Number of protein chains: 4
Amino acid sequence: MSGSNFGDLFKISTWGESHGKALGVVIDGCPAGLELTEEDIQMDLNKRKPGQSSYTTPRKEGDLVEILSGVFEGKTTGTPISLLVYNNNQRSKDYSNIKEVFRPGHADMVYDHKYGFRDYRGGGRSSGRETIGRVAAGAIAKKILSTIGVEFTTYTASIGDISINKAVFNKDEIFNNPFYMPDSNAANEAANYLKKVMKEKDSCGGTIECVVKNTPIGLGEPVFDKCDALLAQGLMSIGSVKAVEIGSGTQACKMTGYEHNDFYQTKADQVIKESNNAGGMVGGITDGSDLFLRATIKPTPSIAKGQQTTTHSGENLEINVEGRHDPIIVPRAVIVVEAMVALTLVDLLFKNMTSQMQYIKKIYG
Amino acid sequence: MSGSNFGDLFKISTWGESHGKALGVVIDGCPAGLELTEEDIQMDLNKRKPGQSSYTTPRKEGDLVEILSGVFEGKTTGTPISLLVYNNNQRSKDYSNIKEVFRPGHADMVYDHKYGFRDYRGGGRSSGRETIGRVAAGAIAKKILSTIGVEFTTYTASIGDISINKAVFNKDEIFNNPFYMPDSNAANEAANYLKKVMKEKDSCGGTIECVVKNTPIGLGEPVFDKCDALLAQGLMSIGSVKAVEIGSGTQACKMTGYEHNDFYQTKADQVIKESNNAGGMVGGITDGSDLFLRATIKPTPSIAKGQQTTTHSGENLEINVEGRHDPIIVPRAVIVVEAMVALTLVDLLFKNMTSQMQYIKKIYG
Amino acid sequence: MSGSNFGDLFKISTWGESHGKALGVVIDGCPAGLELTEEDIQMDLNKRKPGQSSYTTPRKEGDLVEILSGVFEGKTTGTPISLLVYNNNQRSKDYSNIKEVFRPGHADMVYDHKYGFRDYRGGGRSSGRETIGRVAAGAIAKKILSTIGVEFTTYTASIGDISINKAVFNKDEIFNNPFYMPDSNAANEAANYLKKVMKEKDSCGGTIECVVKNTPIGLGEPVFDKCDALLAQGLMSIGSVKAVEIGSGTQACKMTGYEHNDFYQTKADQVIKESNNAGGMVGGITDGSDLFLRATIKPTPSIAKGQQTTTHSGENLEINVEGRHDPIIVPRAVIVVEAMVALTLVDLLFKNMTSQMQYIKKIYG
Amino acid sequence: MSGSNFGDLFKISTWGESHGKALGVVIDGCPAGLELTEEDIQMDLNKRKPGQSSYTTPRKEGDLVEILSGVFEGKTTGTPISLLVYNNNQRSKDYSNIKEVFRPGHADMVYDHKYGFRDYRGGGRSSGRETIGRVAAGAIAKKILSTIGVEFTTYTASIGDISINKAVFNKDEIFNNPFYMPDSNAANEAANYLKKVMKEKDSCGGTIECVVKNTPIGLGEPVFDKCDALLAQGLMSIGSVKAVEIGSGTQACKMTGYEHNDFYQTKADQVIKESNNAGGMVGGITDGSDLFLRATIKPTPSIAKGQQTTTHSGENLEINVEGRHDPIIVPRAVIVVEAMVALTLVDLLFKNMTSQMQYIKKIYG
């Protein structure tokens, strides 16, 4: 079925595989009048790109985006926006020896079973390259949200057992190191750790956190399209994510009600609170405080170390997944997490506009 | 917007508030020919009911379900099924002193802001009673899944710092104690812990785990309607859930690729594996092994202990939320988690039926 | 699949069969703050009721609506609204002799095939009684639209070969005769014609027209959710409708471009036009002029005259469909047409609110 | 909102404007295993192309389709299929003098109002070129339907007052004349008529009929997604359509019940009927007989003859829409009608697969 659609009012339809001709996304429902250029989108796409350091895959990917429709004289027209990125640098021969093999930790076996056969080159639709469409659309969603002051800070919070120290959190450091960590010490430790991991022909995972400031109060549509529920869907849909936490997350069950509840106070006509265990959402609806989310990323499945597995024809064997592999994909997923959060929030921003009769009157006078 | 709809092919529309006339659900898309009676549904609804022990609220809730449409001569007709439960036992006066107050940890403030006003009695639509519709529909989803052998085991895995011991896991013990824990020792510890918590006029949280056996391979629609993504939405949409984990969950990032990857092997024409860090889903698609999910539940917000808060008119004050409160809601949420998993799986079961042309031919000959 | 849902932002889910316990609808997405009582809805439901004249079925149907959720202190809360009507007056024995028979012109055969079996009493879900849910929800949609000045005039335009004379169109006459015709002469002719038809144990059809004034400009979402396209779906979905026309309708192809085009002129800052062959929609989007639609209703299938048909077990025979039959259902469908138009327009009214960035800013400041 | 999406299980998302870089469609939900090449699609796209005769616009349009994703080794993979056609031959200067003008019969005024501004070149998204996406996707839908024997015959039934003579209906003649009429005499008359119309700098309309053979019984999802309702939406969404008729259409109201009802008979284990006033659908569900639909097309709005109109700034003036105009677009719309019917039917084909529990068992064993 149509699983590549996300959103209802700001609806995106992504397409493309790692070794097909191109990848892209169609955005249906972007309001007219938003200034938009390829640069707005390219900036975010570049944050996906490996090759920035010796710790990421040297395969150069290019990934230049084109706007094919929906923009006229520099502004969105309100009609569908089609974005496309041609696949330029995918070398088939990297994967030819695994045509029949079900690589451990990858979707080879399930795609083969679900569809009867699969594009075995590089994961096809299950490849991380499908996130190109998400990130491109996410850039537009972020631009819309920025017009009402919403700000994103997304970063790698941990790699393996190395966590950032929030006492020295430095937002400017995030894109200053290849791990997108807001803590240079932690980044250095991670660098050493990764050298070790690569030497062992292995890989590791980490966590990504996202903080969103200035979200309007009231976003989220009870009871199934709550803000936290849709964010959970969005984040969990990213390949390799195994857990999603909001606010106190998995620590919530270690606290009592008195410890966990955030106490509202009115100050200068605003409802504020000192603590934020809720992570910015109560009853699944934004309360105006910072949204806080965390996604746990499993270690990259593709490793050069030998592994036991089986094939389409039922043969059990050991494989070494040759080729250049990222020992860690966490930094590349940072912009994907941010994109999914933006896509979720912009759709809820639109849905909230019909929550009260007074809004209808405001528009139609 | 229409946030009370879940699913596309097996689509449910829930309605009702804690102190309105009734609550219920309409199921649109249930196939014809399924045997269905009120008993099938009542069994699961009863698992929501408090009053089973001294640790849950003595407010008796009744909650008898009626089937109003969609069933004829004991079988579903393929037309919409309307289920209704009348509210019989909600006493308004329990909540009358908090008409203006934004109770900490509850959705009072955000509902007030989003909708301009709210039904202040007992949480209205944000009350846990809205799960009546989910559980009722979930019972039907479970019945459909059972016809192809799918089995659910859902239980309380921890309360506060007390965790079950999986070495002595006993499935029959689950509904034998008021905490729905599959470990009687842990249940006893929890009982003592809760006595302490109640004495302090406080509350606590816990975790719920769900294991699903015999799911067909291939359920999940990449890239946004993956099985894990929709399960995450379903679980996170339950009130008080702050984290959702699949398989290794938050532990995934502490392992290397070699440690985390599950190795497939072919044995007797079946693809199996020894480990299951994936939690039954790879690339977001079921691989035939047991699904494993965990939801973290925050401590119940309503406590008798005094808390600082504010009101609709901006007055800061201290409140004691009088009335009988559950110091823990985790056991009541066990059947709700199971319902959401069943609702997600049945919708994906249907969607998967058009994955291959051969299935089309199988039906239309 | 879930075919009983209509709309996205103002989403309705209807349920119920002619001889089940009850019928109803859940409305998900009604904004908060709209004053609403049972009377608002009952008024429109009463327009469905037969028994008003000797030309409609003497079966008394009652049909009193109850609001079960979503309204508090007389105003909608923004949460789902559940409406219910109990079936009080359906006599099974009217239909018992046709349990196996596929009545000509009815959906018996196709339901039997599609679902494997059917509720054979009175058509079940295919009965005209399912429109109860539509009309009830339509009343709420009309109320929302009335807050911005939208006005509906819906009426029977023809019965058999008898058409109203638009030169003597009298809006007040519509509900003054049992045919809901805005022309008393035509109504009298129709009365005589129907006497003749009833004597022959036969039935007849007619047309219904709907005029909507004061619709805002811009409603309709190209290219598939255009206003005319969704109106066509809404009207054609009503049982017995065989044609839907907008503006000039089937006459459009008899005119040249110069004859058909409506010429816009600016007068006192408003864009107006003298002709309206477009029927109020151009490019499928409302242009501020009156919307004009027409639905053609086939003659009522149930007649006492003998007809050839077949049965579930393959037996060919002649039947007389005993019981009291409406020789014409057109007047009863007038309010159903109006409801479907209102449901379509209110959903488009909401969708249009995100057409421009300036609307986003207007709401979120 | 997202109005450029059609279908749920076979969901298409079209994009592109007449003078943008390209146009296309993403198909999400096509089952895996269908053989597919560019030729399959190009064949149908070519039927859109003008330039075949002196009666259609000499602007050459090219329109070569590329498959960018979703196909591997000649078969669909089950992942989204992206189709693209570059705009090669649109000359801006044809329209430059009407930047401010609201052309009569076109969507200029409503787009300008709805979106705040518009791409004024050639109609932008409101141009007939948007149908490229529909026709391309429709070709794939038709291919799927052909695997179970469904056959389409779509043709121009009338132009102005000239109707085909069904007594000499010749299917092979349809693509043998520039009007796609299955009657060469009528085609000749139409040719003469059009010469006259062109001389007067005017335009005309017509009707298109579509007959579908071998549709399975049971397609259509009551009560809103009935087959006839969705076909009505699909056809009415095509630009310039003003009426949609099923079976007897607007003639239904001139018949009595006895005359209109089709009588089922069982012959050799099949349920057949001699008449087909229903047009193949009863209760909105297919009954196995031929589907019959008719769409009425208004005369082409763009004419060289002078017309009164107004501008964006409120100036009233006369315009001559210079450039080469089709005096008739009906033949070009034939393949678009066929595409919309195919898209509707394939989605219902998929939805019907979950109508009965026995189908679930058939797939999951």
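Treat the numbers as computed from the prediction; the structure is a model and nothing was measured.

**Here's the deal with unusual backbone geometry**
Inference 1: Of note, the amide linkage connecting B:P222 to B:V223 takes the cis form, showing an omega dihedral of 0°.
Inference 2: Examined against the element boundaries, B:V223 turns out to sit in the loop between β10 (206-213) and α5 (227-236).
Inference 3: Look at A:D63: it is not a glycine, yet its phi comes out positive at around 65°.
Inference 4: Taking the relative accessible area as the measure of exposure, A:D63 reaches 1% and is therefore buried.
Inference 5: In this model, C:S240 sits at a positive phi of 80°, which is unusual for a non-glycine residue.
Inference 6: Within the secondary structure, C:S240 sits in the loop between α5 (227-236) and β11 (241-246).
Inference 7: For C:S240, a relative accessible area of 17% corresponds to the buried category.

**What about the sheet that holds strand β2 (residues 11-16) of chain B?**
Strands pair in a sheet through their backbones, by hydrogen bonds, and they do so in one of two ways: parallel or antiparallel.
Residue and element names in this part refer to chain B.
Inference 1: Ordered in space as β1-β2-β3-β7-β4, the five strands form an open sheet in which the pairing is antiparallel. Looking at strand neighbours, the two that pair on one side only are β1 (5-6) and β4 (65-67), the edges of this open sheet.
Inference 2: As judged from the two bridges shared by β1 and β2, these two strands associate in the antiparallel manner. Among the inter-strand pairings, F6 is bridged to a residue of β2, identified as I12.
Inference 3: Sitting on the sheet, helix α1 (residues 38-46) is in contact with β4 and β7 (81-86), with an inclination near 155° to β4.

**Quick look at helix α1 (residues 38-46) of chain C**
Residues and elements named next belong to chain C.
Inference 1: All buried positions along α1 are accounted for by I41, Q42, D44 and L45. Buried residues of α1, seen end-on, are gathered within an arc of 165° and therefore sit on one face of the element. Exposed residues lying more than 90 degrees from the buried face of α1 are E39 and M43.

**So, the relation of the copies chain B and chain C**
Inference 1: Least-squares fitting of chain B to chain C yields an RMSD of 0.0 Å, with the transformation described by 0.0 Å of translation along the axis and a rotation of 180°. The superposition of one copy onto the other is thereby described by a two-fold rotation axis.

**Concerning the interface of chain B and chain C**
Inference 1: In this complex, chain B contributes 46 residues to the contact, which on the side of chain C involves 46 residues.
Inference 2: In this assembly, chain B packs against chain C so that about 3500 Å² is buried in total across both faces, 62% of it on carbon and sulfur atoms.
Inference 3: Three residues stand out in chain B for area buried against chain C, namely B:L68, B:F72 and B:F117, and they jointly supply 19% of the buried area on that side.
Inference 4: At the boundary of chain B with chain C, the tally comes to two salt bridges.
Inference 5: Across the pair B:K21 and C:E66 runs a salt bridge whose closest N-O atoms are separated by 3.8 Å.
Inference 6: At the junction of chain B and chain C, the tally comes to eleven residue pairs in polar contact (both at pLDDT 80 or more).
Inference 7: Listing elements by their share of the side of chain B that touches chain C, those giving two or more residues are β2, β3 (22-28), β4, β6 (75-76), β7 and α2 (108-115) of chain B.
Inference 8: At five residues, the largest contribution of residues to the side of chain B that touches chain C is made by β2(B).

So, how was this worked out
Numbers given for residues are sequential positions, taken from 1 along each chain in its written order. Throughout, the order in which chains and ligands are written sets their labels, letters from A for the former and numbers from 1 for the latter. Under the rules for a predicted model, residues below a pLDDT of 70 receive no local features and side-chain atom pairs below 80 are neither given nor counted, while totals for whole chains, interfaces and linings still include all residues. The side-chain values count all of the structure's non-hydrogen atoms but skip hydrogen atoms and water molecules. Working definition: helices are DSSP H or I runs of at least four residues, strands are E runs of at least two. Numbering for both runs from the N terminus. Per-residue accessibility, obtained with a 1.4 Å probe over protein chains only, is compared with the maximum for each type, and a residue is labelled buried under 20%, exposed over 50%, and partly exposed between these values. DSSP-based pairing: two strands are paired if at least 2 bridges between them are found. Note on definitions: a residue-residue contact is assigned when non-hydrogen atoms from the two residues lie within 4.5 Å. Interaxial angle, 0 to 180 degrees, is taken between N-to-C directions of lines fitted to C-alpha atoms, where a helix line uses only the stretch in contact. Note that the arc is defined by the directions from the helix axis to the C-beta atoms. Only residues with pLDDT of at least 70 in both copies count here: their C-alpha atoms drive the least-squares fit that superposes the copies. Buried area is a sum: the accessible area each of two parts loses on coming together, probed at 1.4 Å, counted once for each and added. A carboxyl oxygen of Asp or Glu within 4 Å of a side-chain nitrogen of Lys or Arg is what we treat as a salt bridge. For this analysis, a polar contact is any N or O atom pair within 3.5 Å, provided that within protein one partner can donate a hydrogen and the other can accept it, and provided that sequence-adjacent residues contribute only side-chain to side-chain pairs.

Remember, this is a structural readout, not a statement about activity or role.
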